[in-house]
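Fold and geometry: a report
Listed below, chain by chain, are the residues.
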Amino acid sequence: MQQDMKRLPPDRSEPNDTAGHLARIKGWHEEFESSIDTLVSYLQDLSRRSKQAQVECSRNYSRAAELSRAKSRFTYEVSHEVRSPLAAVYNVLNVVIDGYLKGDREKQVELLIRARRRVREVIALLNDLLTLSLLEESTGRLKKESLDLRSILVPVYDQMRDYAAERDVKLSWQWGDELPVLLGNTELLRRVFINIVDNAIKYTDPGGSVEVDARKDGDTFLFQVADTGIGIPDDELPRIFEVFFRGARARSEGKAEGMGLGLSLVKRIVDDHRGTISLTSKFGVGTTVTVRFLEHQKGASGGEASTHSR
Amino acid sequence: MAKRVLIVDDDPEFVETTKIILESGGYETSWAKDGLEALTRLNETRPDIILLDVMMRTKGDGVWTSQRLRSDERFRGIPVLMITAVNRESDTRSFHLDPSADGDFLPVDGFLEKPVEPEVLLREVARLTSR
């Protein structure tokens, strides 16, 4: 960056050679100016780079601070989500054991049944959290294998058909003639399919319908679930994949058990399988969820133990 | 006349059992599932105390509600007992109060952590309604 100053020419002039002196002084002056210019541009460059470094440093710092905030927020929400049902169960036990119901056996049993459901909720939440942390830790390194979609989807269909019948929701399931082979984790993908169909049935009133379309579409596997359910208000749509987010109606009407980890978990699993998920909804009309996974091509890169990271 | 308690909480089992406990202590109870509904209830009947959950998922969480209650002179005199499933009062401050606002100000009269022992609940409600 810094130029070596040129050696000044030796003084070989005659004592009274004024013009020669002036020329030499001019020469020195030019040398001096050009060195100053070099120095100034060097300093400017240095200052610009230091500013860049500062910006980058503060960007990294705020990113780290943001992550740390998100993490403590997450811990806070998890502890709330675990403590709430436990507090409810604790209250039920107190009320039953300490005789607040004065031997009203029917009420006691009713409350205990509800308490049991809340305990199941906590267990489901803990399972979801374990899956989530597994996904966080091993992004892209989960055990994936070529899998036969039909062997995953048929049990899902059986289970969901029963649930739909129980809730008096019409479930129609379109199977494509051909289902592609996917590279994935069987258990995690099963959760994706179950969760999406289960949500659709859960948020659809009796008499409504849920349509599932499962087929090969180009070089992807398309899994689309459309319901005539309660829909999602526009202002809630952007938050739908957030951890612990649940819509106002889901909460207030007690429609949904569970804690709101479902869709955020689904999204993470889909991301981990390099698939895509999208959701469109009209409040009061219905919701459509579309998931796509790339077909596994034999001999394609990214084999069994992919090290891809997002 | 029986004292009236308004329970503001979105957890159905917690609300029902809290009602049972309070009614055994001779209180009348009513319920609102969130802050917005609580403000509507308040216009109908005036309770002697409000039990307020912090983290409600629907419109109006507990901090929002307590601030609304304190800024409305009709409701300012009603004692508010905050009951929450979060760990500490400080969590409530750091996660629910706007840091740019007056951070130390959580306008409630008492603070209980879930789970609440029935006798502690009855004692706190009695203390705050007898002032």
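The shown structure was predicted, so the numbers you read here are calculated from the model rather than taken from an experiment.

Below, the discussion takes up the pattern of salt bridges. All told, the structure shown has 31 salt bridges over all chains when counted by the stated rule. Its salt-bridge partner being aspartate 271 of chain A, residue lysine 267 of chain A comes within 3.2 Å of it at the nearest N-O pair. Highlighted residues: lysine 267 of chain A and aspartate 271 of chain A, both in helix α6 (residues 262–272), separated by 4 residues, approximately one helical turn. In this structure, the salt-bridge partner of arginine 41 of chain B is glutamate 37 of chain B, at a minimum N-O distance of 3.1 Å. A residue pair is termed a helical-turn pair when its members lie 3 or 4 positions apart in one helix, as arginine 41 of chain B and glutamate 37 of chain B do in helix α2 (residues 35–44) at 4 residues. Each of Lys107, Glu110, Arg114, Arg117, Arg118 and Glu121 of chain A together with Asp11, Glu13 and Glu16 of chain B takes part in one network of salt bridges that share partners.

All names here are of chain A. Topologically, arginine 114 is positioned in helix α2 (residues 105–137). The exposure class of arginine 114 is buried, given its relative accessible area of 16%. Looking at arginine 114, its side chain comes within polar contact range of the side chain of glutamate 110, at 2.7 Å.

With that out of the way, let us pick up the nonpolar core. Counting residues in hydrophobic clusters, the biggest one holds 48 residues, and the most contacted among them are Leu153, Trp173, Phe193, Val197, Phe221 and Phe223 of chain A. Top element by residues in this core is helix α4 (residues 186–202) of chain A. It accounts for 9 residues. Residues Ala87 of chain A together with Ile21, Tyr27 and Leu128 of chain B belong to the second largest nonpolar core, which totals 27 residues.

On inspection of all chains with the given rule, the structure shows 8 aromatic pairs over all chains. Look at phenylalanine 193 of chain A and phenylalanine 221 of chain A: their rings are 6.1 Å apart centre to centre, the planes differ by 90°, and that puts the pair in the edge-to-face class. Within this pair, whereas phenylalanine 193 of chain A is found in helix α4, its partner phenylalanine 221 of chain A is found in strand β5 (residues 220–227), the two being separated by 28 residues in sequence. The residues phenylalanine 193 of chain A and phenylalanine 221 of chain A share a single accessibility class, namely buried. Here the aromatic rings of phenylalanine 193 of chain A and phenylalanine 293 of chain A are separated by 6.5 Å at their centres, their planes lie at 90°, and the arrangement is edge-to-face. Separated by 100 residues along the polypeptide, phenylalanine 193 of chain A in helix α4 and phenylalanine 293 of chain A in strand β7 (residues 286–294) bring together distant segments of the chain. Among the aromatic side chains, those forming a connected cluster through ring pairs are Tyr157, Trp173, Trp175, Phe193, Phe221, Phe223 and Phe293 of chain A. In this structure, lysine 267 of chain A is placed above the aromatic ring of phenylalanine 241 of chain A, and the distance from its NZ or CZ to the ring centre is 5.9 Å. Across from the ring centre of phenylalanine 14 of chain B, 4.1 Å away, lies the NZ or CZ of lysine 114 of chain B, which sits over that ring.

This next bit is on a nonpolar patch on the surface. A cluster of nonpolar side chains, contributed by Leu22, Ile25 and Trp28 of chain A, occupies part of the molecular surface with about 310 Å² of accessible area. Positionally, leucine 22 of chain A belongs in helix α1 (residues 18–97).

All names here are of chain A. Strands sit in the order β2-β4-β5-β7-β6 across an open sheet of 5 strands; the sheet is mixed. The outermost strands of the open sheet, each flanked by one partner alone, are β2 (170–175) and β6 (276–282). Strand after strand, the sheet turns through a mean of 10° between neighbouring axes, direction not considered. Bridging between β6 and β7 involves 7 bridges; their strand directions are antiparallel. Residue leucine 279 lies in a different strand from β7, and its bridge partner there is valine 289. Running over the sheet, α4 touches β2, β4 (209–217), β5, β6 and β7 and is turned about 20° from β5. Across the sheet, α6 lies against β6 and β7, angled at about 145° from β6, the strand it touches most.

About the thresholds
In this convention, every chain numbers its residues from 1, walking through the sequence in written order. Chain letters start at A and ligand numbers start at 1, both assigned in the order the entries are written. Residues qualify for local features only when their pLDDT is at least 70, as the model is predicted, and side-chain atom pairs are given and counted only at 80 or more; totals for whole chains, interfaces and linings, by contrast, use all residues. With hydrogens and water set aside, each side-chain value is computed from the structure's full complement of heavy atoms. Take a side-chain nitrogen of Lys or Arg and a carboxyl oxygen of Asp or Glu: if they are within 4 Å of each other, that pair is a salt bridge. A helix here means a DSSP run of H or I that spans at least four residues, while a strand means a run of E at least two residues long, and both kinds are numbered starting from the N terminus. Exposure classes here rest on a 1.4 Å probe applied to the protein chains alone. A residue is buried below 20% of its type maximum, exposed above 50%, and partly exposed in between. Side-chain atoms alone can form a polar contact between residues adjacent in sequence; in general such a contact is a pair of N or O atoms within 3.5 Å, and within protein one must be able to donate a hydrogen while the other accepts it. Side-chain atoms within 4.5 Å are what join buried Ala, Val, Leu, Ile, Met, Phe, Trp, Tyr and Cys residues into a set we call a nonpolar core. Ring geometry is summarised as follows: Phe, Tyr and Trp rings, the Trp one being its six-membered ring, pair when their centres sit within 6.5 Å, and such pairs are stacked at plane angles under 30 degrees, edge-to-face over 60 and tilted between the two. The criterion for a charge sitting over a ring is simple: Lys NZ or Arg CZ within 6 Å of the ring centre, and within 35 degrees of the ring normal. Patches here are clusters of residues that have more than 30% relative accessible area and form no salt bridge, with a 9 Å joining cutoff for like charges and a 5 Å cutoff for nonpolar side chains (Val, Leu, Ile, Met, Phe, Trp, Tyr). Computed with a 1.4 Å probe, the accessible areas rest on the Shrake-Rupley method; for each residue, only the protein chains presented here act as cover. Note on pairing: DSSP must find at least two bridges between two strands before they are called paired. For helices, the fitted line uses only the C-alpha atoms of the stretch in contact; every axis is such a line through C-alpha atoms, and the angle between N-to-C directions lies from 0 to 180 degrees. What makes two residues a contact is simply this: any of their non-hydrogen atoms within 4.5 Å.

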